Amino acid sequence: MSEDKNQMSLEDFIGEVKEQENKYRAAFGDGEFESRETLKTERDTPYQNYIIEGYTSKVEGKFGLNTAVRITSPAGEKQTLWVNGYEEQHFNQFITRQEKQGFTSIEENGSLSTPLKVSFARTQEVSEKTGNPYNKLLIKLVAHGDDVQIELDNL
């Protein structure tokens with residue numbers, strides 16, 4: 001069998017792939033998913049100065065579709081806040097308001113163009129129309145812009 005100029009040994013090929021991966025990692029990080037713990041929250045307790053990095057909607061869960069909000073705690077812990085139902089609506093309304101004000105925008109991968117520093121609380125209110133209780137997510141914008149990105153990078 002004649003040797004083809006376009007062929008190389010597997011060993012050489014593996015070496016080139018590793019070299020390419022090392023260059024990518026040096027420039028862009030390792031590409032591994034960040035490990036995030038689920039943030040277990042208590043109702044009627046304010047959680048202050050968390051940074052929203054992005055979110056993923058329509059995640060299938062035990063109770064239907066949910067939104068996974070990727071946040072970082074003030075101590076630098078990577079966490080996921082899960083919201084659904086009315087809380088999901090409240091979260092989406094908050095993000096829409098921030099976009100309209102030009103504080104951030106949503107990238108294709110669900111990341112925010114600029115992270116948002118927020119404080120939030122989960123409460124329960126009674127509907128005036130039906131008299132039934134429903135869950136409510138209250139979110140307060142604390143900061144936005146480059147300062148929040150710098151803070152996130154330094155956590």
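Calculation notes
Residues numbered from 1 in each chain as written. Predicted model: local features only at pLDDT ≥ 70, side-chain atom pairs only at ≥ 80, totals over all residues. Heavy atoms only, no water. Core = buried A, V, L, I, M, F, W, Y, C linked by side-chain atoms within 4.5 Å. Buried < 20%, exposed > 50% of the residue type's maximum accessible area, 1.4 Å probe, protein only. Helix = DSSP H or I, 4+ residues; strand = E, 2+ residues; numbered from the N terminus. Contact = heavy atoms within 4.5 Å. Pairing = 2+ DSSP bridges. Axes fitted to C-alpha atoms, helices over the stretch in contact; angles between N-to-C directions. 1 Å grid on protein atoms, 1.4 Å probe; cavity = no way out; pocket = protein on both sides within 12 Å on 5 of 7 lines; lining within 4 Å. Points joined across faces, edges and corners; volume = space filled by probe spheres on them. Nonpolar A, V, L, I, M, F, W, Y, C, P; charged D, E, K, R; others polar. Salt bridge = Lys/Arg side-chain N within 4 Å of Asp/Glu carboxyl O.

**So, the nonpolar core**
It is characteristic of soluble globular proteins that their nonpolar side chains tend to be buried jointly.
Turning to step 1, where the next piece is worked out: I52, V69, F91 and F120 are the most contacted members of the largest nonpolar core, which has 19 residues in total.
Turning to step 2, where the next piece is worked out: Those elements that provide at least two residues to this core are β2 (47-61), β3 (64-72), β4 (78-83), α2 (85-100), β5 (111-126) and β6 (133-144).
Turning to step 3, where the next piece is worked out: Among all residues touching F91, those that are not within four sequence positions of it are I52, Y55, T67, V69, V83, L137 and I139.

**Regarding the sheet that holds β5**
Hydrogen bonds between backbone groups are what pair the strands of a sheet, and the pairing can be parallel or antiparallel.
Turning to step 1, where the next piece is worked out: Strand order in this open sheet of 6 strands is β1-β4-β3-β2-β5-β6, and the pairing throughout is mixed. Each edge of the open sheet is held by one strand with a lone partner, namely β1 (37-38) and β6.
Turning to step 2, where the next piece is worked out: Of the strand pairs in this sheet, β5 and β6 are connected by 11 bridges, and their pairing is antiparallel. Bridging from a neighbouring strand, E125 pairs with Y134 of β6.
Turning to step 3, where the next piece is worked out: Strands in contact with helix α3 (residues 146-154) are β2, β3, β4, β5 and β6; relative to β5, the strand with the most contacts, it is inclined by about 90°.

**A short note on the layout of surface pockets**
Turning to step 1, where the next piece is worked out: Volume-wise, the second largest pocket comes out at about 290 Å³.
Turning to step 2, where the next piece is worked out: For the second largest pocket, the lining is made up of 15 residues, of which N66, W82, V83, N84 and R122 are closest to its centre.
Turning to step 3, where the next piece is worked out: Looking at the lining of the second largest pocket, the elements with two or more residues in it are β2 and β4.
Turning to step 4, where the next piece is worked out: Among the elements that take part in the lining of the second largest pocket, β2 stands out by supplying 3 residues, more than any other.
Turning to step 5, where the next piece is worked out: In terms of residue class, the lining of the second largest pocket is made up of 5 nonpolar, 5 polar and 5 charged.

**Overview of the pattern of salt bridges**
Should the charged atoms of two oppositely charged side chains come close, the side chains can pair.
Turning to step 1, where the next piece is worked out: A full pass over the atoms with the stated rule returns 5 salt bridges.
Turning to step 2, where the next piece is worked out: Notably, a salt bridge pairs K78 with E53, separated by 3.1 Å at the nearest N-O pair. Here K78 is found in strand β4, whereas its partner E53 is found in strand β2, with 25 residues between them in sequence.

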